[in-house]
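# Breakdown of the fold
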Amino acid sequence: MSVTGNYFDEHPKIHYTDYPWNGASSLSTALGRLAMGVKCLSVDRVKLTPSEGEMLARSLAVNKTCEGIFLNQNNMGDENDLAAVAFAEALRQNTTLVYFCLQSTRIGLKGVQALTDALKYNTSVLSFNLHGCKMPKEGLPYFLDMFQYNKSILRMNLYDNALRSADNYKEVESMMERNKHVRAQAKKHYRAAFEYAIKYGEKGPWKRAKLMVIGQGRAGKSATVRSLLGEKFDPNGESTVGISLSRTNVRGDEWIKDVARTADFSTTVATRLAIQYRNKNDFLPASDIQIPRSEEVKGEGGENGDGPVNVPEKDTVADKEEVAHKFESSLRIFGNEVLTKNDDYIDFTIWDYGGQKVFYALHHLFLTEYGVYLLAFDMREILVDQKNSLEYLRFWLNSVRLHAPLAPVLLVGTFGDQVIGEEMLKVNEHINKLTSRFTQIVPNDSTGTALMFFPIDNTGGSGSGDVELIRNSINDVTKNQEFVHRETPIRWLRTLDKLNEDATRSWYTLTEVRNMSKKCGISSVSEVSKMLSLFHKLGVIVHLTNTAALENTITTNPQWLIDSLSKVIRSANLHGFNMEDLDVAGLRNEAEDLLNDALASRDLLEYLWQDKHKQVDFLIDLMRETLLISDWNFGNSRHREGLNVMYLVPSMLEEVKADKVDKPGMNGWNMKVDFSESWLPIGVFQRLICSCITLCENMNRRETEERVPELSKSSAKIWSGSEGFIYIEQNPEKDYIEIIFENDDVVSKSFVGVMSMLNYLNERLMNNGLKWTTHLRTGSHPGNVCQFVPYEVARKKKMYPWFTSGGEGTTSVVQNMDLDNFLA
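Sequence order as written defines the numbering, with residues in each chain counted from 1. Restriction of local features to residues with pLDDT of at least 70 applies here, the model being predicted, together with a cutoff of 80 or more for giving and counting side-chain atom pairs; totals for whole chains, interfaces and linings are based on all residues. Heavy atoms from the whole structure form the basis of all side-chain values; hydrogens and water molecules are not counted.

## Focus: the overall build of the chain
Here is the rule: Helix and strand assignments follow DSSP, with helices taken as H or I runs no shorter than four residues and strands as E runs no shorter than two, numbered in order from the N terminus. Using a 1.4 Å probe on the protein chains alone, a residue whose accessible area is under 20% of its type maximum counts as buried, one over 50% counts as exposed, and one in between counts as partly exposed. Here, two residues are considered to be in contact whenever any of their heavy atoms come within 4.5 Å of each other. Values of accessible area rely on a 1.4 Å probe in the Shrake-Rupley scheme; residue burial ignores everything except the protein chains shown.
The number of helices and strands found in the chain is 33 helices and 28 strands. Here the chain holds 824 residues, and the buried ones make up 57% of them. When contacts within the chain are restricted to residue pairs at least 6 apart in sequence, those whose partners lie at least 24 apart make up 77%. Total accessible area on the chain stands at roughly 34700 Å², and carbon and sulfur atoms take up 47% of it.

Rendered as structure tokens:
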């Protein structure tokens, strides 16, 4: 095997030639490995047998990238036309092949019939070389019949075949000339329509959605994604760290991972829009399609571009070179589809969320409403541990309802190779217990048993029936979502393309984005905001607007951001650090501080991110402002001397601090925040710890630094100088958080602050989906019998010490924290 030159856009050409070869199984393996990149394959003069040709055809049928295949002078012909029939079946399935050469392969009448029948349906092949295939005269009617349907083939080499001697052979050449003329006209029309679309800011259907794959750790989420994308099952697949992103194009029931066929966003939408224009101008010559002058063009700047936009400046429309580049890109990537008016596909950004609890606080930043959710669960676990398994499902369904109350959810039961028959029905009985509360669940209507979930065997390959059913179901529910069909201005997508041009940049400031937008014809600040909001909801960028600082940063490479955060927030048991490398860097102790005490130093963060100083500052600011970290100033003289900065990473407490902090006795004032009306998500308690640490520091920084907080995964004790402590404990099973203030002074200074922080977290992180009631302990002395009254009652009666004149000062304390620039 050797690489011999370039073909089709300079992709590698794999060439086997002029020496003995040991069977098609080797080539079949090569095709499988190169399926995501190879553009041309030449297998000339290697004496392929009919059965080996059949094996090659099977690989070609599922290949998604090969555009040209050369099979000159092999021994595949036989009296049964085994190879020819197999290649015919491959042509029915393959949608990427442009050039096909079977020169000098003997093909009988049976093979002719199979090949011509397949070409009635294939629209990708433009050139077919059948030189010297010894096809009989009786085969000509099949070719003539084929050309009644096929409008794509431009060249067909039929030299040295008996059928060329037939009287009416010239009809074949006439039909090829017809195809060339039709294609030339179609290309002419399409180019005019495409130029109109890309240059003048028209709207077009983007048809993009976000597919979010969620579920418990090790439930088979990543294996399910691989199946959907047509990739082989990997029994040694590693657990997802944080979130893994991929893009795919869906055309009918075919899912194609967006690697070899990548197009920029504006080209994709301009292609769809140009198809619409062609449909409306079918019989008009290209010169009759009127292109407006720039001063006549009107854009829209509302939610989807409604309102006027100025396009007179030179840079506001695509220049001639850009249009030409995008046009050729459109033809190369979308091929005959742009000329045959086929537009039945959707683009997905797939977000595969890590299932370990340590990542859950991170997920709240990235669960969005514009998408479809796939909730994977291990059917075996449902059978052996019903309570915990259903609790995990309930957790994820609550998370989806919190952030995307209208988004559809497909439940996918994994390990379908091990759970069958009556056991699967038993699983369905348990799943049915969840359906009454969660109307977003999409039932599996394809079976007579009306399962509420979709079973899948990921070991069975991407072509298995259960995978195809899930793909089709995802397609169907996605096509019914209003946002998929909402038209998007081309100028928005040209802006997005410009943001992605520089591969070395992962984020931009809002000012930079606004400047780029102006060059693409967007002059309105509000339109830029609406554009970024759409892009964020669809998962192609990350733009958090929780605070002014976050709003000022646009992350154009979401995977970079997630990978960066996941280098700090990670499962120590599954995704530990390379301690040998850390020894060399002199940071082993800092890494152990993070894994054992949830404390990260600035030095460790700079090492883990290995980025420029400016990006480290950005990531620290982002984590601080989303309360994924908080400054740690306790018992840290090195920090006060400016030698090292420390941060608390509360999500890491999940694995490293299992034991509870000792709960105070009766000497304290209690409040209970009851979330049972909705639920208590993971992440609220962790962020409340960060908030209270900052609150206590703001009230009495110097004295606070002398007492190190006591922390665990479910409780914390934080001192506020000489005025005592705040104790916080979560009870996730009963969905409440209890807070105890040691003395009256702490209550009067902290109560309003805690309530303000909870309201802020709900508004900025939880989509206002959390519902809770607050009960306050009251009595003449904290040592009395514990009694709780509702917040509203205590407030009306101005019960001591919750509502006193001293509490009025709390408002200023909270305001001094600058919540807008600190809390998310």
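## Considerations on unusual backbone geometry
Of note, the bond from Tyr-800 into Pro-801 is cis; its omega dihedral lies within 30 degrees of zero at 0°. As for its placement among the helices and strands, Pro-801 is situated in the loop between helix 31 (791-797) and helix 32 (808-816). Located in the positive-phi region is Ser-104, a residue other than glycine, with phi close to 65°. For Ser-104, the location among the structural elements is in the loop between strand 5 (99-101) and helix 4 (109-119). Taking the relative accessible area as the measure of exposure, Ser-104 reaches 31% and is therefore partly exposed.

## Details of the packing of aromatic side chains
Note the following rule: Centres within 6.5 Å make a pair out of two Phe, Tyr or Trp rings, where for Trp the six-membered ring is used; the pair is then stacked when the planes are under 30 degrees apart, edge-to-face when over 60, and tilted otherwise. Both a distance and an angle decide whether a charge sits over a ring: NZ of Lys or CZ of Arg must be within 6 Å of the ring centre and within 35 degrees of the ring normal.
This structure, assessed with the given rule, holds 24 aromatic pairs. Each ring, one from Trp-560 and one from Phe-618, has its centre 6.2 Å from the other, and the planes form 10°; the classification is stacked. Placement of the pair is Trp-560 in helix 21 (residues 558-566) and Phe-618 in helix 25 (residues 613-625), with a sequence separation of 58 residues. Geometry around Phe-415 places Arg-380 over its ring, the cationic atom sitting 3.6 Å from the centre.

## As for the side chain of Arg-777
Rules: Counted as positive: Lys and Arg. Counted as negative: Asp and Glu, with His and the chain ends omitted from the count. When a carboxyl oxygen of Asp or Glu is within 4 Å of a side-chain nitrogen of Lys or Arg, the pair counts as a salt bridge. Polar contact criterion, stated in full: a pair of N or O atoms within 3.5 Å, where within protein one must be able to donate a hydrogen and the other to accept it, and residues adjacent in sequence count only if both atoms are side-chain atoms.
Examined against the element boundaries, Arg-777 turns out to sit in strand 27 (residues 773-778). It turns out Arg-777 is buried and unbridged, and the closest side chain with the opposite charge, Glu-738, is 7.2 Å from it. At 3.3 Å, the side chain of Arg-777 and the backbone oxygen of Gly-668 are in polar contact.

## Section: the environment of Val-793
On the secondary structure map, Val-793 appears in helix 31. Look at Val-793 and you get partly exposed, because its relative accessible area is 33%. Once the C-alpha coordinates of Val-793 and Leu-776 are considered, the two residues, 17 residues apart in sequence, prove to be 9.3 Å apart.

## Comments concerning the sheet that holds strand 28 (residues 787-790)
Put simply, the rule reads: In this scheme, strands are said to pair when DSSP sees at least two bridges between them. Inter-axis angles, ranging from 0 to 180 degrees, are taken between N-to-C directions of lines fitted to C-alpha atoms, where helices are fitted over the stretch in contact.
One open sheet holds the seven strands; their spatial order is 23-24-25-26-22-27-28, and the pairing between them is antiparallel. Looking at which strands have only one partner, the edges of the open sheet turn out to be strand 23 (710-711) and strand 28. Here six bridges tie strand 25 (residues 725-731) to strand 26 (residues 736-741), and the two strands are oriented antiparallel to one another. For Ile-728, the partnering residue across the bridge sits in strand 26 and is Ile-739. Sheet strands in contact with helix 30 (residues 744-764) are strand 22 (669-674), strand 25, strand 26 and strand 27, and its direction is about 155° off that of strand 26.

## A word on the packing of helix 13 (residues 386-403) against helix 14 (residues 422-435)
Helix packing for two helices is described by the angle between their axes and how far apart those axes are. What counts, and what does not: Angles below 35 degrees are treated as roughly parallel, those above 145 as roughly antiparallel, those between 65 and 115 as roughly perpendicular, and all remaining angles as oblique. In this scheme the handedness of a crossing depends on how the near helix is turned from the far one: anticlockwise by less than a right angle means left-handed, clockwise means right-handed. Under the convention adopted here, Pro, Cys and the residues Ala, Val, Leu, Ile, Met, Phe, Trp and Tyr are nonpolar, Asp, Glu, Lys and Arg are charged, and Gly plus all remaining residues are polar.
Across the interface, helix 13 lies against helix 14 with an axial gap of 11 Å and an inter-helix angle of 40°. Relative to helix 14, helix 13 is oriented oblique. Pair helix 13 / helix 14 crosses with right-handed handedness. Contacts from Gln-386, Leu-390, Leu-393, Arg-394 and Leu-397 of helix 13 reach helix 14 at His-430, Ile-431, Lys-433 and Leu-434. Tallied by class, residues from the contact of helix 13 with helix 14 come to five nonpolar, two polar and two charged.

Everything listed here is a matter of coordinates, which is why it stays silent on function.
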